[in-house]
Amino acid sequence: AGAPDRPTAVLDSSLRFAAVTDEIAEFIGLPAERLLGVDFTHVESVGCDQDGRLLTPEEHPAAVALSTGEPVLGAIIGFEPRGDAVQPFRWFRMDIWPVHSQDDDVVGVVGHIDDVTGSEAAAVAASHVVRHYRDTLEQTRASESRFRALAENAAVEVRGIDAAS
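Rules and cut-offs
- Residues numbered from 1 in each chain as written.
- Predicted model: local features only at pLDDT ≥ 70, side-chain atom pairs only at ≥ 80, totals over all residues.
- Heavy atoms only, no water.
- Helix = DSSP H or I, 4+ residues; strand = E, 2+ residues; numbered from the N terminus.
- Buried < 20%, exposed > 50% of the residue type's maximum accessible area, 1.4 Å probe, protein only.
- Contact = heavy atoms within 4.5 Å.
- Areas by Shrake-Rupley, 256 points an atom, 1.4 Å probe, with all protein chains shown as cover.
- Core = buried A, V, L, I, M, F, W, Y, C linked by side-chain atoms within 4.5 Å.
- Salt bridge = Lys/Arg side-chain N within 4 Å of Asp/Glu carboxyl O.
- Pairing = 2+ DSSP bridges.

J.: Would you take a moment to explain the overall build of the chain for this structure?
T.: Helix and strand content of the chain: 4 helices and 6 strands. Helices and strands in the chain line up, N terminus first, as β-β-α-α-β-α-β-β-β-α. Burial analysis of the chain (165 residues in total) assigns 33% to the buried set. Of the contacts made within the chain by residues no fewer than 6 positions apart, 48% connect residues no fewer than 24 positions apart. Carbon and sulfur atoms provide 53% of the accessible area of the chain, an area that totals close to 10400 Å².

Right, here's the structure in full:
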């Protein structure tokens, strides 16, 4: 069989890399041969969904496919690579399929990814992330404003304490 025509990773039942194409290794920032046997959560960055919410390792499409035994198709996930990777934050569409043994046990997953950073799906995701961060910033500013008003109008003096000193 020839090489896959899409960036592909195969993870075992412990979510360790069993095989990986050079495209995925390049994004991660490590040679493909150094990834073999490594838990994917130790080399992938924290991902976020299209709303900008950070995913836990259990929410990653590979972990979901492994735990449910069902494919996860078309998931749009944003990643910023760790380590020596030269690529900036990117959006990927993931198709993940569980690998079943003859006894129908899930023994791993195989996944294909497509970089969709420049696509409409990524633009929609980016707008959600920007909106999420703007909302968070607004909430922080409002909270700071309420604290300042409380401190300025308090009948007693309000001081911050530096726990490090």
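J.: Can you help me understand the nonpolar core in this one?
T.: Nonpolar side chains tend to gather and get buried jointly when the protein is soluble and globular. Core analysis: the biggest nonpolar cluster contains 27 residues, and Leu11, Leu15, Phe17, Val20, Ile28, Leu35 and Val109 have the highest contact counts within it. Looking at this core, the elements with two or more residues in it are strand S1 (8-12), strand S2 (17-20), helix H1 (22-28), helix H2 (32-35), helix H3 (61-68), strand S4 (72-79), strand S5 (90-100) and strand S6 (106-115). Not counting chain neighbours up to four residues away, the residues in contact with Val20 comprise Thr8, Ala9, Ala25, Ala32 and Leu35.

J.: Help me understand the pattern of salt bridges in this model?
T.: A side chain of one charge can pair with a side chain of the opposite charge when the charged atoms of the two come close. Tallying each qualifying case throughout the model produces 8 salt bridges. In this structure, Arg93 and Asp114 form a salt bridge, with 2.8 Å as the shortest nitrogen-oxygen distance. You can see Arg93 sitting in strand S5 and its partner Asp114 sitting in strand S6, a full 21 residues away along the chain. A single salt-bridge network, built from bridges that share partners, covers Arg6, Arg93, Asp95 and Asp114.

J.: Where do I start with unusual backbone geometry in this structure?
T.: Leaving glycine out, the prevailing phi sign among residues is negative, and the prevailing peptide bond configuration is trans. Backbone geometry places Leu15, a non-glycine residue, at a positive phi of 60 degrees. Relative to the assigned elements, Leu15 resides in the loop between S1 and S2. A positive phi angle, close to 70 degrees, is found at Asp104, a residue other than glycine. For Asp104, the position within the fold is in the loop between S5 and S6.

J.: Would you take a moment to explain the pairing of S6 for this structure?
T.: Walk down a regular strand and you will see the side chains alternate between the two sheet faces. Bridging between S1 and S6 involves 5 bridges; their strand directions are antiparallel. Bridge assignment links Leu11 to a residue of S6, and that residue is Val109. With 9 bridges joining them, S5 and S6 adopt antiparallel strand pairing. Residue Pro98 lies in a different strand from S6, and its bridge partner there is Val109. As consecutive antiparallel partners, S5 and S6 are separated by 5 residues, and within that stretch Asp104 has a phi angle of approximately 70 degrees, a positive value.

J.: Looking at this model, I keep getting lost on the sheet that holds S2. Mind explaining?
T.: Strand pairing in a sheet is mediated by backbone hydrogen bonds. Such pairs are either parallel or antiparallel. In spatial order, the strands read S2-S1-S6-S5-S4-S3; together these 6 strands make up an open sheet with antiparallel pairing. Looking at the sheet topology across the chains shown, the edges are occupied by S2 and strand S3 (47-48). Summarising the sheet, S3 and S4 pair through 2 bridges and their orientation is antiparallel. Note that in S4 the partner of Cys48 across the bridge is Gly78.

The analysis is restricted to geometry; functional conclusions fall outside its scope.
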